Each structure stands twice: as structure tokens, then as C-alpha cells.
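# A structural walkthrough
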Amino acid sequence: MKKLLKYIMIILILFPLSCSEDYLNKFPLDRLSAGTFDPDLSLTGIYASLQNVYVSQYAHAIDGLTPIVYCRNSGWRSIATGAANEFTSRFYSSWQQFYSGIFRANDFLERLSALEDIDATKKTVFEAEARFLRASYYHRVVTVFGGVPLVLGTLEIDESREQVRASKDAVIAQIMADLDFAESNLAVAPRKVGAATKGAAIALKARTHLYEGNWQGTKDAASSVMGLGYDLYKGAANDSLNYSMIFDFKNENNIEVIFDVQFDAPNVNEGNTFETWLMNKNSAIDFGYVQSHPTKYLVEQYEHRDGTMPIDPYDFSNRDYRFYYTVLFEGSSFNDKVYNSSFPGWALSKTRFVQRKYTVEHSEGIITQRFDAPNNFILIRYADILLMYAEAQNELSGPDASVSEAVNQVRNRAGLPDLPAGLSKDEMREAIHHERLVELALEGLYYFDMLRWGKAGTLTGGVGADVYMANNPPTRYPDDKKVDTWLFDPAKNYLWPIPQTEIDNVLTLEQNPGW
């Protein structure tokens, strides 16, 4: 029995994961098959964890920890409003999913190492992909929890009870070692659709450096990605559609996409949940839970196309092209239906706005049931790389021409003019922060940006940020009322707590400060 438990990763993997039975049957979460080891098929199981770690756990909810989204889900709201503690289930499920992905990668690497009847080059590529994936999971877990147990192999049950938290620096060093190996051994083109590439490895290095405030590392990695042939997508028939087409399921894996999580539909048990969780009765299936509610604060951030900020936040005319794909507002059209913010019950948005990004318009019969949409979720794209470069170079050398050029490429694609000439370093910093918000809104990145910028909870001058709901039509938003307040305690909220269940089972784990 003890040997059988060798494939369990820390105590958390002993508990069943919150996935469907079909998903468990297709991709066993606690171990790779004990039968014939097929590296290609087994790698698919490691990639499958991305669907939980980056999408089910985060995609439509993590921005709800910031003032740009009101998230209806009670677990995420408890974190956003300061009511969460070390027993909150969202912390536990996140930890569990992170280490599920790490376990799969470790088990795969051990089995691959023992495999002899395989081409050496192919074996190295498989190892590089698995190490990239392990780095991806460790990147996420170290970002939210800080130093964590650094496990690089499978464990006996007794060993799992003796794990201690490695320093954050040690975990980052291992992430970089895995990404260095992936960069050196992966090609620019993917081995197959959805597989990790050299560009994905370098891009994740850039993001890791960015989150650590390593400006030189960020600049160097971003510059390398900028030389690999990626570009902003501009292939739509109408310039106003270029931004929306980045995410269109009929245009997946386009020139802007560096790495994404793959989904497929219908009726193959590989669809995503976006359409059902995000949309309302405007969806292709005439149903949605409207879990993610864009806020008035987010709507106010989108400029008019002449480069001016809106005086009236409810004047939606001639806005930045990105606005119209990101948010549904009263009177806008989706799936040939006019959006009505007063749909009753679950379809009612608390803020009167609905998230449009990552929903599917004109699915042409692809979406036929709930929780089964086809569109991939992009983890890193080229616009993000340009803005990483601009931010790092501005911090290193000030707002030189290359900084303005990188930001303006992103702005121009959205129908906006160049930034004003002569910005100071501080002014350029704020311009880049703003550009990251509107370009990457509702992609699960703004929360981490606010943390590293030190802006979490500061939008109202204190530790909280109010969220407002516009009044019902037909009076059209004349009087806003507060529906919630986001709270951020700087003494503890820069890190999540280690789930108490883990501390109880692995007594050597120490809790984060303030929890």
C-alpha cells in the first residue's frame, strides 16, 4: 500500500479534485497509467491540468479581486471583500490544482527518464515540454502563496508529511532552470497544435521576471520574444474587428498567440465553461449565470478614439475598439439580440454590464449545451510582451523611443492615436499601467499587476475600492449606488494563506504572515 501511494503528491493529492467524472476518466489526476507508458499521450494529461489551474480556477474570477469586476461567486467575493480566511475553499482548491499539475509533470519526467526505447531528440523535446509545464504551475503557485514545498520527484507517503516551504527565491530559481531547458530544446514552431514552444518558454521567463521586479530580465526576455516572428493580429476585414478576432474560436492560434489552453466543442468533453458562466440570455444557448460583472470603473478607463477620456462614463460612442469586445452595455448587440440589463434572476448583472470577452458570438451551432464552448484561453500573447518590454525599458532607461513605439503599436491597433510626446518617466509609467488595464482586461492579469504595482486597494485613497451598480433602465444609469466594497489588507493580502487543511496534514508547513 505504501508503494502504491508513491504517486501521491503531498497530502493534498489524497483528496479528490473538483472535476467531472468524465474528465477524471480521460485524464487520471493522481497518476499516469501503470500500463504502457506513451510519452505523447501522457504529456496530454499534463497539459490538461492547465484547463483547471488557469481557466476553471481563474479565468472569469481572478479579476474579481480588483475594482474592474464584481464576481458573483461567494468564494471569490469573500476574498475580494476581506472576509476570507485560511479555511476558505478557493485557497484550498487552487493549491490542490497547482500541485496536481506539478505532480503530473514530476511523475512523467521520472518515467521518461527510465524509458530507453525512444529517439533521443524526441525524448529531450518531451522533457522540455514537461519542464515548461512544471514551471507554469510553480509560477502560479509561488505568485499567490510565496515560498512553497519545492518537490521535483514523486514521494513516499512519509516523505510527503515532512515537506517544508522552500524560499520564494529557491522556487523562482527552479522555474528559471526549467524554462532555460525548455528554451534551449524547443523549436519556435510547436510540435503539434497547443504544444509549448521556445517562444512560450521565453515569454514565461519575461512574466516571471516582471512579477519579481527584475527589469533587466524582463526586458531581455521580452526582446528575445519580439525577435521570433510574433506580431499583433491585424488580419480582420475591418480594423474595428482586429482585437475581437484575437479571441475568436475560428481564428485560434493566430500570429499574436504565444501560448494558450486548448479547448474543443461540441460534445467531446473538452469545451470550456465561459459562455455559461459569463453570458446572460444573449448567449447562443439563451442562458447564462453572469458570474463576472464588469464595473463602472473599468468602463471609465476606455478612451474615445480621439485619445480623450470620457467626460460622461455612459457615453459609449466612438470608444476604443477594445471596449466593444470587452463589455456588453445597455443597447449593444450580441448574437443578434439587443442586450437588456434587466433580465431577471441570475441573468441580472449587479453593475448592469456583462463580460463579452471570451464569449462566443455567432457560434454557428457549435455551442449546443451548457459548459461546452470551443474557444481557447490565451495565457500569453504578443501585446502583453510589448507592454512588458515598454514597462521594463521605461524603468531602466526612461521613456525612450522604443518605449513609445511598443505602447503605440498596441494603441494604434485599438484605433487610438499615439501617446503624447514628451512624457516623463512617471507619466509614461502611468500610461503603461493604463494600457495594460484596457488591453488585457478580463484576462486574469490585472490582479497580479495591481499587487506588483502596489496599487491594490488604493483607488479610493484607502484600503478599499467601492463597486457601483447603475440604476435600472429606462432612466439609463443616472444614479449609481454602491453594491460592494473591495477590501485589501496590506499586512497580509499580498499573499494568500496556506490552506489550513494542508497545515493540519503536513505539520511542517508554516502559515503566511497575518493569517
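Small disclaimer: the values here were computed from a predicted structure and weren't measured. (Residues numbered from 1 in each chain as written. Predicted model: local features only at pLDDT ≥ 70, side-chain atom pairs only at ≥ 80, totals over all residues. Heavy atoms only, no water.)

Attention now moves to the overall build of the chain. When helices and strands are tallied, the chain shows 19 helices and 10 strands. Classification of the 515 residues of the chain by burial places 58% in the buried group. Considering only contacts in the chain between residues 6 or more positions apart, those separated by 24 or more positions represent 71%. About 19,600 Å² of surface is accessible on the chain, with carbon and sulfur atoms providing 51% of the total. (Helix = DSSP H or I, 4+ residues; strand = E, 2+ residues; numbered from the N terminus. Buried < 20%, exposed > 50% of the residue type's maximum accessible area, 1.4 Å probe, protein only. Contact = heavy atoms within 4.5 Å. Areas by Shrake-Rupley, 256 points an atom, 1.4 Å probe, with all protein chains shown as cover.)

Our focus in this paragraph is the side chain of Ser332. Here Ser332 lies in the loop between β4 (327-328) and β5 (333-334). What makes Ser332 buried here is its relative accessible area of 9%. For Ser332, the side chain forms a polar contact with the main-chain oxygen of Phe329, separated by 2.6 Å. (Polar contact = N/O pair within 3.5 Å; in protein donor to acceptor, adjacent residues only side chain to side chain.)

Our focus in this paragraph is the environment of Gln301. Along the polypeptide, Gln301 turns up in the loop between α13 (296-300) and α14 (321-326). For Gln301, a relative accessible area of 13% translates into the label buried. Sequence separation between Gln301 and Ile68 is 233 residues; the distance between their C-alpha atoms is 9.7 Å.

For the rest of this paragraph, the subject is the pairing of strand β2 (residues 257-261). Looking along a regular strand, one sees side chains alternate from face to face of the sheet. Most of β2 sits inside the fold, with 5 of its 5 residues counted as buried. Strand direction decides the pairing type here: β2 and strand β8 (residues 377-381), joined by 4 bridges, are antiparallel. In the sheet register, Phe259 faces β8, and the bridge partner there is Ile380. (Pairing = 2+ DSSP bridges.)

This part takes up the packing of helix α5 (residues 89-114) against helix α6 (residues 120-145). Interhelical geometry of α5 versus α6 gives an angle of 160 degrees and a closest axis separation of 9 Å. Our classification of the angle between α5 and α6 gives roughly antiparallel. The two elements α5 and α6 meet at a crossing, and its hand is left-handed. Each of Phe91, Trp95, Phe98, Tyr99, Gly101, Ile102, Ala105, Asn106, Phe108, Leu109, Leu112 and Ser113 in α5 lies in contact with α6, whose residues at this interface are Lys123, Phe126, Glu127, Ala130, Arg131, Arg134, Tyr137, Tyr138, Arg140, Val141, Val144 and Phe145. For the contact of α5 with α6, the per-class residue count stands at 16 nonpolar, 3 polar and 5 charged. (Axes fitted to C-alpha atoms, helices over the stretch in contact; angles between N-to-C directions. Parallel < 35°, antiparallel > 145°, perpendicular 65-115°, else oblique. Left-handed = near helix turned anticlockwise from the far one by under 90°. Nonpolar A, V, L, I, M, F, W, Y, C, P; charged D, E, K, R; others polar.)

On average, residues of the chain score 84 in pLDDT, and 83% of them reach the 70 mark or higher. Counted against residues more than four places away or in other chains, residues 469-479, with its pLDDT under 50, gives 31 contacts. (pLDDT = per-residue confidence, 0-100.)

Tracing the sequence through the fold places Gly82 in the loop between α4 (74-80) and α5. For the pair Gly82 and Asn493, spaced 411 residues apart in sequence, the C-alpha to C-alpha distance is 8.7 Å.

All right, on to unusual backbone geometry then. Even without being glycine, Arg352 reaches a positive phi, approximately 75 degrees. Structurally, the position occupied by Arg352 is in the loop between β6 (337-338) and β7 (354-355). Assessed through its relative accessible area of 3%, Arg352 is described here as buried. The backbone of Leu442 sits at a positive phi, close to 65 degrees, despite the residue not being glycine. Within the element layout of this structure, Leu442 appears in the loop between α17 (425-440) and α18 (446-453).

This part takes up the pattern of salt bridges. Enumeration over the complete set of coordinates arrives at 30 salt bridges. A salt bridge links Asp320 to Arg322; the nearest nitrogen and oxygen atoms lie 2.7 Å apart. Assessed through its relative accessible area of 1%, Asp320 is described here as buried. Owing to a relative accessible area of 1%, Arg322 belongs among the buried residues under this scheme. One continuous salt-bridge network, built from bridges that share partners, spans Glu256, Glu303, Asp320, Arg322, Lys357, Arg381, Arg411, Arg413, Glu435, Glu439 and Glu443. (Salt bridge = Lys/Arg side-chain N within 4 Å of Asp/Glu carboxyl O.)

Right, let's talk about the side chain of Thr351 for a bit. Summarising the element assignment, Thr351 is placed in the loop between β6 and β7. Among the polar contacts made by the side chain of Thr351, one reaches the main-chain carbonyl oxygen of Pro294 at a distance of 2.5 Å.

Glancing now at the packing of aromatic side chains. Under the definition given, this model contains 28 aromatic pairs. Members of the aromatic cluster, each reached through a chain of ring pairs, are Trp76, Phe91, Trp95, Phe98, Tyr99, Tyr138, Phe145, Trp496 and Trp515. If you follow Arg319 out to its NZ or CZ, it ends over the ring of Phe323, 5.1 Å from the centre. Lying over the aromatic face of Trp515, Lys492 brings its terminal NZ or CZ to 4.3 Å of the ring centre. (Phe/Tyr/Trp six-rings, centres within 6.5 Å; stacked < 30°, edge-to-face > 60°. Lys NZ or Arg CZ within 6 Å of the ring centre and 35° of its normal.)

Burial of α18 is extensive: 7 of the 8 residues sit out of reach of the surface. Within α18, the full set of buried residues consists of Tyr446, Tyr447, Phe448, Asp449, Met450, Leu451 and Trp453. Within two residues after α18, Gly454 carries a phi angle of roughly 70 degrees, on the positive side.

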